[in-house]
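One letter stands for each residue in the lines below.
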Amino acid sequence: MRTRFTPRARKSPRSRRRQIAPLAGAVLALAVVVPPASARTVTLHYFSKQTSSTFVTPQGKPLGPNSAPAVGDINDNTDVDYVGNHKHHAKQSTASDHLRCTITGSTGNSATATCDAQIAIGGSMLLANHSKLTFSESSAPVVVSINGGTGIYRHAHGTVTSTSVGNNSDLTIKVTY
């Protein structure tokens, strides 16, 4: 006599893998397409006041005040940053930044450079490593790509747009982290 419940035939490990493989592929595809739940994009505004600016030769010798930079020369700038802009900003700085550029070419009134920049905000830092920039005497903003960071900005990406205001600048930082 036959029972109402007949045992299922056992499936081979190979057969199970064939059933699991498409499911695993779908899960991996979702992991790539869906951004992490914690990813967010913010826009920060700072008035950046220059604290130092130096030009040196590749050997570290300072350039004279009337010397034009040449290929290989290095420009180092540091700033303290205040929330806001040059017209209205906080009384105390809450961030600082550093930009180091090596001149790679020059034509007429413009120069090209490879630059590294850091912006320290709280206990974290935004990074722009090996950015290719063009500097000119025009008042056009300079845009630097963010390609990393530390602390809450680990794996950050975005842009920093710097608009000159004399020796200082207004920074608009759009960052996803």
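Everything that follows concerns the structure shown earlier in this document.
Residues numbered from 1 in each chain as written. Predicted model: local features only at pLDDT ≥ 70, side-chain atom pairs only at ≥ 80, totals over all residues. Heavy atoms only, no water.

## A few points about the nonpolar core
Inclusion rule: Only buried residues count toward a nonpolar core. Its members are Ala, Val, Leu, Ile, Met, Phe, Trp, Tyr and Cys residues joined through side-chain atoms within 4.5 Å. Whether a residue is buried, partly exposed or exposed follows from its accessible area with a 1.4 Å probe, protein chains only, as a fraction of its type maximum: under 20%, in between, or over 50%, in that order. In this text, helices come from DSSP runs of H or I with a minimum length of four residues, and strands from runs of E with a minimum of two, each type numbered from the N-terminal end. In this description, contact between two residues means that some pair of their heavy atoms is separated by no more than 4.5 Å.
Counting 15 residues, the largest nonpolar core has I121, L126, Y153, I173 and V175 as its most contacted members. Elements supplying a minimum of two residues to this core: β1 (41–56), β4 (110–121) and β9 (168–176). Among residues more than four places away in sequence, those in contact with I121 are L44, Y46, T94, A95, L126 and Y153. Counting eight residues, the second largest nonpolar core, distinct from the first, contains C101, C115, L133 and V144.

## Regarding the pairing of β4
Under the convention used in this document: DSSP calls a pair of strands paired once it identifies at least 2 bridges connecting them.
Burial along β4 is one-sided: A111, A113, C115, A117, I119 and I121 are buried, and none of S110, T112, T114, D116, Q118 and A120, which face the opposite way, are. Two elements, strand β3 (residues 95–107) and β4, share twelve bridges in a ladder whose sense is antiparallel. Among the inter-strand pairings, S96 is bridged to a residue of β4, identified as A120. The hairpin turn running from β3 into β4, its antiparallel successor, is two residues long, and G108 in that turn takes a positive phi close to 55 degrees. Across eleven bridges, β4 lies against strand β5 (residues 124–136) in antiparallel orientation. In the strand pairing of β5, A111 is matched with F135.

## So, the pattern of salt bridges
What counts, and what does not: The working definition used for a salt bridge is a side-chain nitrogen of Lys or Arg within 4 Å of a carboxyl oxygen of Asp or Glu.
Applying the stated criterion across every chain, the model contains one salt bridge. One salt bridge in this structure joins R100 and D76, with 2.6 Å as the shortest N-O distance. Of the two residues, R100 is situated in strand β3 and D76 in strand β2 (residues 74–83); the sequence distance between them amounts to 24 residues. In this structure D76 comes out as buried when scored by relative accessible area, which is 18%.

## Observations concerning the sheet that holds β3
Formally: Angles run from 0 to 180 degrees between N-to-C directions of axes, and those axes are lines fitted to C-alpha atoms, restricted for helices to the stretch in contact.
Taking strand neighbours across the sheet as the criterion, the nine strands line up as β6-β8-β9-β1-β2-β3-β4-β5-β7 in an open arrangement whose pairing is antiparallel. Where the open sheet ends on each side, the last strands, each with one partner, are β6 (142–146) and β7 (148–150). For this sheet the average axis-to-axis angle between neighbouring strands, irrespective of direction, equals 25 degrees.

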